[in-house]
Amino acid sequence: MRALLAIALLALCGWWSLPWLKTHLPPQWNPFTPLSVTDPQGWMMRYKLQRLSHDPAACMAVMQRASQQGWVEFRAVPALKGDCPIEQPLRVSGFGEVTLSSSFLASCPMAVSSTIYVVNSTHALQQAGINSPIRHISHVGSYACRNIYHRQQGRLSEHATADAWDVTGFQLADGRWLQVAKNWHQPEDAAAGLRALWQNGCATFGNALGPDYNAAHAGHFHLGMRGAGYCR
Ligand SMILES: [Zn+2]
């Protein structure tokens, strides 16, 4: 009974402080303000990303703001039907100064996550001692109507809903390449850069799988929306 009373009292305090919280919390820590792709990575960003997956209009608004601020270039494309339908697919063609080997199809939440990923990549590289930002990303796609590992049976891959992106390499502003297939172990500075970029994936996506996960990922990072920071 006492515990119940305490919970009721706490809930009341929370309710009373709501209006104050709504106006006084900084936007990146305020659960009521919309997500921005420049918000710090962390549980609040994850919470807001999670909400976007149930709110297509809010997700589109986040992407439009990011595009106006020059973080991403994309266009909405018609809904996909068939075995692997997508309600609101986007075609992402670049991230500001960062060009792509080709444009890719993304669910709206995945487009938001990939933008946050690129926004944070410069800082991730700096922490690994690399002071040259990313200027180009090569990848092998995002949307494929198939099961996990192309198996006959089993559940659909995240790629079947354009909720995952397979990235193979990064070119830096100084011209250097960090290729997942070639540089995961050497040379040391490139390997450190790739590890930082993979960990940046863990901080942004639901899961980030790299060469240490299994042989199927020896040449690319799989950056997907399922999970809450699964990192292998
Ligand atoms: Zn993949």
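Residues numbered from 1 in each chain as written. Predicted model: local features only at pLDDT ≥ 70, side-chain atom pairs only at ≥ 80, totals over all residues.

Caption draft 1: Region of the structure containing the overall build of the protein. Each helix and strand counted, the protein has 6 helices and 10 strands in total. Radius of gyration (C-alpha) of the protein: 19 Å, near the 17 Å computed for a compact globule of 232 residues. Each principal axis of the C-alpha distribution contributes one length, and for the protein these read about 60 × 45 × 40 Å. Out of the 232 residues belonging to the protein, those deemed buried represent 35%. For the protein, contacts bridging at least 24 residues in sequence account for 54% of all contacts bridging at least 6. (Helix = DSSP H or I, 4+ residues; strand = E, 2+ residues; numbered from the N terminus. Rg over C-alpha atoms; globule rule 2.2 N^0.38 Å. Buried ≥ 20, exposed ≤ 12 C-beta atoms within 10 Å, placed from the backbone. Contact = placed C-beta atoms within 7 Å.)

Caption draft 2: Region of the structure containing helix H4 (residues 108-127). Compared with an ideal rise of 1.5 Å per residue, which puts 20 residues at 28 Å, H4 spans 29 Å between its outermost C-alpha atoms and is within 8% of the ideal. Most pronounced at Ser121, the bend in H4 amounts to some 40°. In terms of residue burial, H4 counts as a mostly covered element, since 15 of its 20 residues are buried. Just downstream of H4 lies Gly129, where phi reads positive at about 85°. (Expected span 1.5 Å × (residues − 1). Bend = angle between axes of the 7 residues up to and from the residue.)

Caption draft 3: Broad picture of the nonpolar core. Counting 54 residues, the largest nonpolar core has Met63, Ala106, Ala111, Val112 and Leu223 as its most contacted members. Apart from residues no more than four positions distant in its own chain, Ala106 is found in contact with Leu90, Val92, Ala111, Ser114, Ser142 and Ala162. (Core = buried A, V, L, I, M, F, W, Y, C linked by C-beta atoms within 7 Å.)

Caption draft 4: Representation of the sheet that holds strand E1 (residues 73-76) in the model. Taken in spatial order, the 3 strands make up an open sheet running E1-E2-E4, and their pairing is antiparallel. The sheet is open, and its two edges are formed by E1 and strand E4 (104-106), each paired on a single side. Put simply, the sheet's adjacent strands are angled 30° from each other on average, direction ignored. Along the sheet, H4 makes contact with E1, strand E2 (90-94) and E4, crossing E2 at roughly 20°. (Pairing = 2+ DSSP bridges. Axes fitted to C-alpha atoms, helices over the stretch in contact; angles between N-to-C directions.)

Caption draft 5: Here's a closer look at the packing of helix H3 (residues 56-68) against H4. Where H3 meets H4, the axes come as close as 9 Å, and the angle between the chain directions of the two elements is 35°. Two packed elements cross with a definite hand, and for H3 against H4 that hand is left-handed. Across from Pro56, Cys59, Met60, Val62, Met63 and Ala66 in H3, the residues of H4 making contact are Cys108, Pro109, Ala111, Val112 and Thr115. Residues of the contact of H3 with H4, tallied by class, amount to 10 nonpolar, 1 polar and no charged. (Left-handed = near helix turned anticlockwise from the far one by under 90°. Nonpolar A, V, L, I, M, F, W, Y, C, P; charged D, E, K, R; others polar.)

Caption draft 6: Just the pairing of strand E9 (residues 221-224), in detail. On E9, burial covers both faces: Phe221 and Leu223 on one face and His222 and Gly224 on the other are all buried. Relative to E9, strand E8 (residues 207-209) runs antiparallel, the two sharing 3 bridges. Paired with Asn207 across the bridge in E9 is Gly224.

Caption draft 7: Quick look at the UniProt feature "domain: Extensin-like C-terminal" (unreviewed entry) in the protein. Those residues carrying the UniProt feature "domain: Extensin-like C-terminal" (unreviewed entry) are residues 58-232 in this numbering. Between the end C-alpha atoms of residues 58-232 there is a gap of 31 Å, over a span that is 30% helix and 23% strand. (UniProt positions renumbered as here; feature names shortened; annotations may be inferred.)

Caption draft 8: Main features of unusual backbone geometry. Residue Gln186 is joined to Pro187 through a cis peptide bond whose omega torsion reads -10°. At Ala162, a position not held by glycine, the phi torsion is positive, near 55°. Inspection of the secondary structure puts Ala162 in the loop between strand E5 (134-139) and strand E6 (164-172). We classify Ala162 as buried; it has 27 C-beta atoms within 10 Å.

Caption draft 9: Inspection of the environment of Val72 at higher detail. Relative to the helices and strands, Val72 resides in the loop between H3 and E1. For Val72, a count of 26 C-beta atoms within 10 Å corresponds to the buried category. In this structure, the C-alpha to C-alpha distance between Val72 and Asp212, residues 140 residues apart in sequence, is 30 Å. Not counting chain neighbours up to four residues away, the residues in contact with Val72 comprise Met63, Ala66, Ser67, Val92, Phe95 and Thr115.

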